[in-house]
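Each chain is listed here by its residues.
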Amino acid sequence: MSNEVQLGSTGPRVHRIGLGCMAMSGMYGPTDDAESIRTIQHAIDSGITLLDTGDFYGMGHNERLVGRAIAGRRDRVQISVKYGALRDPAGGWTGIDTRPVASRNFLAYSLDRLGVDAIDVYRPARLDPSLPIEETVGGLGELVDAGWVRHIGLSEVGADTVRRAAAVRPIVDLQIEYSLASRKPEHTVFPALHEVGASATLYGVFSRGLLTGSKPTGKTDFRAWLPRFSGEAERQNATVVERIAALAQQADRTPAQLALGWVLSRQPTLVPLIGAKTTKHVDDALQALHEPVSADVLDALEALVSPETITGTRYMAAQMAHLDSER
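Nothing here was measured: the structure is a model prediction, and the numbers come from that model.

## A few points about the pattern of salt bridges
And then number 1: In the structure shown here, the tally under the stated rule is 25 salt bridges.
And then number 2: In this structure, the salt-bridge partner of Glu156 is Arg314, at a minimum N-O distance of 2.8 Å. Taken together, the residues span a long stretch of sequence, with Glu156 in the loop between strand 9 (149-155) and helix 5 (159-166) and Arg314 in the loop between helix 10 (295-304) and helix 11 (317-321) at a distance of 158 residues. Neither Glu156 nor Arg314 differs from the other in exposure class; each is buried.
And then number 3: Here Arg266 makes a salt bridge to Glu186, at a shortest N to O gap of 3.2 Å. Residue Arg266 is located in helix 8 (residues 255-266), and its partner Glu186 is located in the loop between strand 10 (171-177) and helix 6 (189-196); the two are separated by 80 residues in the primary sequence.
And then number 4: A relative accessible area of 22% means that Glu186 is categorised as partly exposed.
And then number 5: A single network of salt bridges, built from pairs that share partners, joins Glu156, Glu177, Lys184, Arg314 and Glu326.

Written out as structure tokens, the structure reads:
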């Protein structure tokens, strides 16, 4: 298995695994900036090249953190940034704005916080319901022409939107949730990406820690509000998680290595993003790449876990209703 893949037919070559940095800005509870910077730099030194962030993670904190971590290492990484989410001073979500003038504005702040001259992959975090995707992508194309953005990506959109976007400008990848517990992209989204020459970066490969036995750490951990981690669903999913842990122990692997190994095997040309918060998490994930999980163990894992065996949707109902990828 190669340690590199290309993002789409026009994008850069990146390491087979990318680092998702969202969890380093409090989304999953308290974090330590010094540890986060060590983790990012350790990932880079271990060969990981793609770093994924969002300008709204920690109200800009995540971009500043990544900027500090890549100082002196910029030529060794590709940076993927999601933008467009609107927030209020209390941290609430108020919508999405991907108008060309707004995109240009968001980008200016991201370049400054990251301390870079250009962003490798720039993508709207969600589909703007008030704007045709053609207008959004057209505006992003202007940023590419100006040299401030190198490639255009998308996030959480469906097959039709992928095709419409790619008719305007080349799309290198779609970021979308994919795991043992969330396989819907296989049906229409992945075929559409293949059709237009785009790739995918896959987040939530551990189902936000559910598959590895991780639990919300308090009310500041947004997983506490997700259906899979609360109420009766939490109790039912705990049984599945116990079975994964038992299989991992039997195979002398960790649950994270099983979950990631399944994604690597199932989608060999796509790029899973690991939400590591420590250097230990990075090393654990890379082990799944360097020592692939055996086919027998993966077959046993797939027999244990499917979207039907996991209870609850991946987001709350109101959020699910706004996801173009779910239509």
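## Focus on the pairing of strand 5 (residues 78-83)
And then number 1: In terms of residue burial, strand 5 counts as a mostly covered element, since six of its six residues are buried.
And then number 2: Along strand 5, one buried face is formed by Gln78, Ser80 and Lys82 and the opposite face, lined by Ile79, Val81 and Tyr83, is buried too.
And then number 3: For strand 4 (residues 50-54) and strand 5, the ladder comprises five bridges, and the chain directions are parallel. By the bridge assignment for strand 5, Gly54 is matched with Lys82.

## Comments concerning the packing of helix 1 (residues 33-45) against helix 2 (residues 61-70)
And then number 1: Relative to each other, helix 1 and helix 2 sit at 55°, their axes nearing to 9 Å. Taken together, the axes of helix 1 and helix 2 lie oblique to each other. Considering how the two elements wind past one another, helix 1 and helix 2 form a crossing that is right-handed. Across the interface between the two elements, Asp33, Ser36, Ile37, Ile40, Gln41 and Ile44 of helix 1 pack against His61, Leu65, Val66, Arg68, Ala69 and Ile70 of helix 2.
And then number 2: For the contact of helix 1 with helix 2, a count of residues per class yields seven nonpolar, three polar and two charged.

## Looking at the pairing of strand 4
And then number 1: In terms of residue burial, strand 4 counts as a mostly covered element, since five of its five residues are buried.
And then number 2: Across the two faces of strand 4 the burial is the same, with Leu50, Asp52 and Gly54 and Leu51 and Thr53 all buried.
And then number 3: Examined bridge by bridge, strand 3 (residues 18-20) and strand 4 share two bridges and lie parallel to one another. From the neighbouring strand, Gly20 faces strand 4, where its bridge partner is Asp52.
And then number 4: Viewed along the sheet, the connection from strand 3 through helix 1 into strand 4 turns out right-handed.

## A closer look at helix 8
And then number 1: With twelve residues, helix 8 ought to run about 16 Å at 1.5 Å a step, and its terminal C-alpha atoms sit 17 Å apart, in line with that.
And then number 2: Of all twelve residues making up helix 8, nine are buried, and the element is well covered by its neighbours.
And then number 3: Taken together, the buried positions of helix 8 are Ala256, Gln257, Leu258, Ala259, Leu260, Gly261, Trp262, Val263 and Leu264.
And then number 4: Packed against the buried residues of helix 8 are strand 11 (199-203), helix 7 (231-251), strand 12 (271-274), helix 9 (279-290) and helix 10.

## Comments concerning the packing of helix 4 (residues 133-145) against helix 5
And then number 1: As a packed pair, helix 4 and helix 5 sit with axes 9 Å apart at the nearest point and diverge in direction by 45°. Taken together, the axes of helix 4 and helix 5 are oblique relative to one another. The handedness of the crossing between helix 4 and helix 5 comes out as right-handed. Taking contact as the criterion, the partners of Ile133, Glu134 and Val137 in helix 4 are, on helix 5, Thr161, Arg164 and Ala165.

Conventions adopted
Going along each chain's sequence as written, the residues are numbered from 1 onward. Given that the model is predicted, a residue must reach a pLDDT of at least 70 before its local features are reported, and side-chain atom pairs must reach 80 or more before they are shown or counted; all residues, however, enter totals for whole chains, interfaces and linings. As a rule here, side-chain values come from all non-hydrogen atoms in the structure, and water together with hydrogens is ignored. We define a salt bridge as a side-chain nitrogen of Lys or Arg found within 4 Å of a carboxyl oxygen belonging to Asp or Glu. The secondary structure listing takes helices from DSSP runs of H or I that are at least 4 residues long and strands from runs of E that are at least 2 residues long, numbered from the N terminus. Accessible area is worked out with a 1.4 Å probe on protein chains only. A residue is then buried under 20% of its type maximum, exposed over 50%, and partly exposed in between. Whether two strands pair comes down to DSSP finding at least two bridges between them. The convention used is that axes are lines fitted to C-alpha atoms, helices contributing only their stretch in contact, and that angles between N-to-C directions extend from 0 to 180 degrees. Orientation is classified from the angle alone, with under 35 degrees giving roughly parallel, over 145 giving roughly antiparallel, 65 to 115 giving roughly perpendicular, and any other angle giving oblique. Two helices that cross are described as forming a left-handed crossing if the nearer one is turned anticlockwise from the farther one by less than a right angle, and a right-handed crossing if clockwise. Residue contacts are counted whenever heavy atoms from the two residues lie within 4.5 Å of one another. Three categories are distinguished: nonpolar for Ala, Val, Leu, Ile, Met, Phe, Trp, Tyr, Cys and Pro, charged for Asp, Glu, Lys and Arg, and polar for the others, with Gly belonging to the last. The handedness rule is simple: strands pointing away from the viewer, and a clockwise path from the first strand over the helix to the second, make the crossover right-handed. Expected helix span is taken as 1.5 Å per residue step, with the number of steps being one fewer than the number of residues.

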